[in-house]
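Fold and geometry: a report
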Amino acid sequence: MIWSIIVGGFIGFIAGAITKKGGAMGIIANIIAGLLGSSVGQALFGTWGPTLAGMALVPSILGAVIVIAVVSFFFGKKE
């Protein structure tokens, strides 16, 4: 359980850096984005590549980028 949270936070952190939204996201948001992104990414792209804590890293990061982009689109700042 703890290992999944740590890996989910790492995945969320990487995805936040890719989307340049990492500065606006906190630790909890990184963990949630990483865990949700892992589910989305593995459902869309499969479970190929290296795995940690049962999460395939490459599809998980891609899924987390998608989750962050969708959430930012609907709930981001309107400038």
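Residues numbered from 1 in each chain as written. Predicted model: local features only at pLDDT ≥ 70, side-chain atom pairs only at ≥ 80, totals over all residues. Heavy atoms only, no water.

As annotated in an unreviewed UniProt entry, the protein chain is Transglycosylase associated protein from Dialister invisus DSM 15470. Quoted verbatim from the Subcellular location (unreviewed entry) field of UniProt, the annotation for the protein chain is "Cell membrane". Quoted verbatim from the Sequence similarities (unreviewed entry) field of the UniProt record, the comment on the protein chain reads "Belongs to the UPF0410 family." (UniProt positions renumbered as here; feature names shortened; annotations may be inferred.)

1. Looking at a nonpolar patch on the surface
Together, Leu44, Phe45, Trp48, Val58, Leu62, Ile66, Val70, Val71, Phe73, Phe74 and Phe75 make up an exposed nonpolar region whose accessible area comes to about 1100 Å². A per-element tally of the nonpolar patch places helix H3 (residues 57-75) first, with eight residues. (Patch = residues over 30% accessible without salt bridge, like charges linked within 9 Å, V, L, I, M, F, W, Y side chains within 5 Å. Areas by Shrake-Rupley, 256 points an atom, 1.4 Å probe, with all protein chains shown as cover. Salt bridge = Lys/Arg side-chain N within 4 Å of Asp/Glu carboxyl O. Helix = DSSP H or I, 4+ residues; strand = E, 2+ residues; numbered from the N terminus.)

2. Section: the environment of Met55
As for its position among the elements, Met55 is in strand E2 (residues 55-56). Residues Met55 and Gly34, 21 residues apart in the sequence, show an inter-C-alpha distance of 9.9 Å. For Met55, the residues in contact, after removing those within four places along its chain, are Ser4, Val7, Gly8, Ile11, Leu35, Ser38, Gln42, Pro50 and Ser60. (Contact = heavy atoms within 4.5 Å.)

3. Thoughts on the packing of helix H1 (residues 2-19) against helix H2 (residues 27-45)
Packing of H1 against H2 brings their axes to within 6 Å, and their N-to-C directions diverge by 95 degrees. The angle between H1 and H2 falls in the class roughly perpendicular. Between H1, through Ser4, Ile5, Gly8, Gly9, Ile11, Gly12 and Phe13, and H2, the contact on the second element is made entirely by Asn30, Ile31, Gly34 and Leu35. (Axes fitted to C-alpha atoms, helices over the stretch in contact; angles between N-to-C directions. Parallel < 35°, antiparallel > 145°, perpendicular 65-115°, else oblique.)

4. Examining the UniProt feature "transmembrane region" (unreviewed entry) in the protein chain
As annotated in UniProt, the feature "transmembrane region" (unreviewed entry) corresponds to residues 27-45 and 51-75 in the numbering used here. End C-alpha to end C-alpha, residues 27-45 measures 26 Å, and it is 100% helix and 0% strand. Summarising residues 51-75: 76% helix, 16% strand, and an end-to-end C-alpha distance of 31 Å.

5. A closer look at the side chain of Asn30
Mapped onto the elements of the fold, Asn30 is located in helix H2. Residue class for Asn30 comes out buried when judged on its relative accessible area of 10%. In this structure, Asn30 is in contact with Gly8, Gly9, Gly12, Phe13 and Met25, ignoring residues within four places of it in sequence. (Buried < 20%, exposed > 50% of the residue type's maximum accessible area, 1.4 Å probe, protein only.)

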